[in-house]
Amino acid sequence: MKKALIIAALIMPLALSGCVISVDGDGDYSHHADWDDREVENRRAIADLVTGTKLAAVKRDLGTPDFSELYQRESGEFQVLFYRTQRTKGDGITTKDECTPLVFKNGVLHGWGETAFSDI
């Protein structure tokens, strides 16, 4: 009997451990709140951007982009960084249509948004 109690005491915490998913007041899982926070922060940072800012400074402030592309044109080298700013589907996968493109020409911020991207 004593041996069974000791074994139960050792096994019980393992049996009771598990994954807990927190739900906020809107019924969204907590990881969605993280995406929402990230999107708000990205939108806030993008709203404060100034053309002419260097690529390294933007990456330092916004972090690693969700997508990145590089284009060579006669007028220069264009790098486009895509940062998530809105959710279109709650599928847990970030797609380009959920991002705002930041367009850099020769290493400095040239513009942002769909119009700037389509002008490359």
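Draft legend 1. Local environment of the overall build of the protein. Across its full length, the protein holds four helices and four strands. In the protein, the succession of α and β elements from N to C terminus is α-α-α-β-β-β-β-α. Of all 120 residues assigned to the protein, the portion counted as buried reaches 27%.

Draft legend 2. Layout of the sheet that holds strand β3 (residues 99-105). Reading across from one edge, β1-β2-β3-β4 is the order of the four strands in this open sheet, with antiparallel pairing throughout. Edge strands, defined here as strands with exactly one partner in the open sheet, are β1 (67-73) and β4 (108-112). On average, adjacent strands in this sheet sit at an angle of 25° to one another, irrespective of strand direction. In this structure, β3 lies alongside β4, joined through four bridges in antiparallel fashion. By the bridge assignment for β4, Val-103 is matched with Gly-111.

Draft legend 3. Structural context of the pattern of salt bridges. Tallying each qualifying case throughout the model produces six salt bridges. Among the salt bridges present, the one from Glu-41 reaches Arg-44, with a minimum N-O distance of 2.8 Å. Here Glu-41 pairs with Arg-44, and both are found in helix α2 (residues 30-47), just three residues apart, close to one helical turn. Given the relative accessible area of 45%, Glu-41 is considered partly exposed. The network of salt bridges with shared partners includes Glu-39, Arg-84 and Glu-98.

Draft legend 4. Quick peek at the packing of aromatic side chains. Tallying each qualifying case throughout the model produces three aromatic pairs. Ring centres of Phe-67 and Phe-82 lie 6.4 Å apart, and the angle between their planes is 85°; this geometry places the pair in the edge-to-face category. Of this pair, Phe-67 sits in strand β1 while Phe-82 sits in strand β2 (residues 76-84); the two residues are 15 residues apart in sequence, bridging distant segments of the chain. Accessibility expressed as a relative area gives 25% for Phe-67, which makes it partly exposed.

Draft legend 5. Inspection of the nonpolar core at higher detail. With 10 residues, the main nonpolar core is built from Ile-46, Leu-49, Leu-55, Val-58, Leu-62, Leu-81, Tyr-83, Leu-102, Phe-104 and Leu-109. Going through the elements one at a time, α3 (55-62), β2 and β3 are the ones with two or more residues in this core. When residues of this core are assigned to their parent elements, the largest contribution, three residues, is made by α3.

Draft legend 6. View of α3. The set of residues buried in α3 consists of Leu-55, Ala-57, Val-58 and Leu-62. Buried residues along α3 cover an arc of 165° about the axis, so they all sit on one side. Counted as exposed and oriented over 90 degrees from the buried face of α3: Ala-56 and Arg-60. Where α3 ends, the next residue or the one after it, Gly-63, has phi of about 85°, a positive value.

Draft legend 7. Structural context of the pairing of β1. Pairing geometry for β1 and β2, over seven bridges, is antiparallel. Counted as the bridge partner of Ser-68 is Leu-81 from β2.

Reading the values: the criteria
Residues numbered from 1 in each chain as written. Predicted model: local features only at pLDDT ≥ 70, side-chain atom pairs only at ≥ 80, totals over all residues. Heavy atoms only, no water. Helix = DSSP H or I, 4+ residues; strand = E, 2+ residues; numbered from the N terminus. Buried < 20%, exposed > 50% of the residue type's maximum accessible area, 1.4 Å probe, protein only. Pairing = 2+ DSSP bridges. Axes fitted to C-alpha atoms, helices over the stretch in contact; angles between N-to-C directions. Salt bridge = Lys/Arg side-chain N within 4 Å of Asp/Glu carboxyl O. Phe/Tyr/Trp six-rings, centres within 6.5 Å; stacked < 30°, edge-to-face > 60°. Core = buried A, V, L, I, M, F, W, Y, C linked by side-chain atoms within 4.5 Å. Arc of directions from axis to C-beta.

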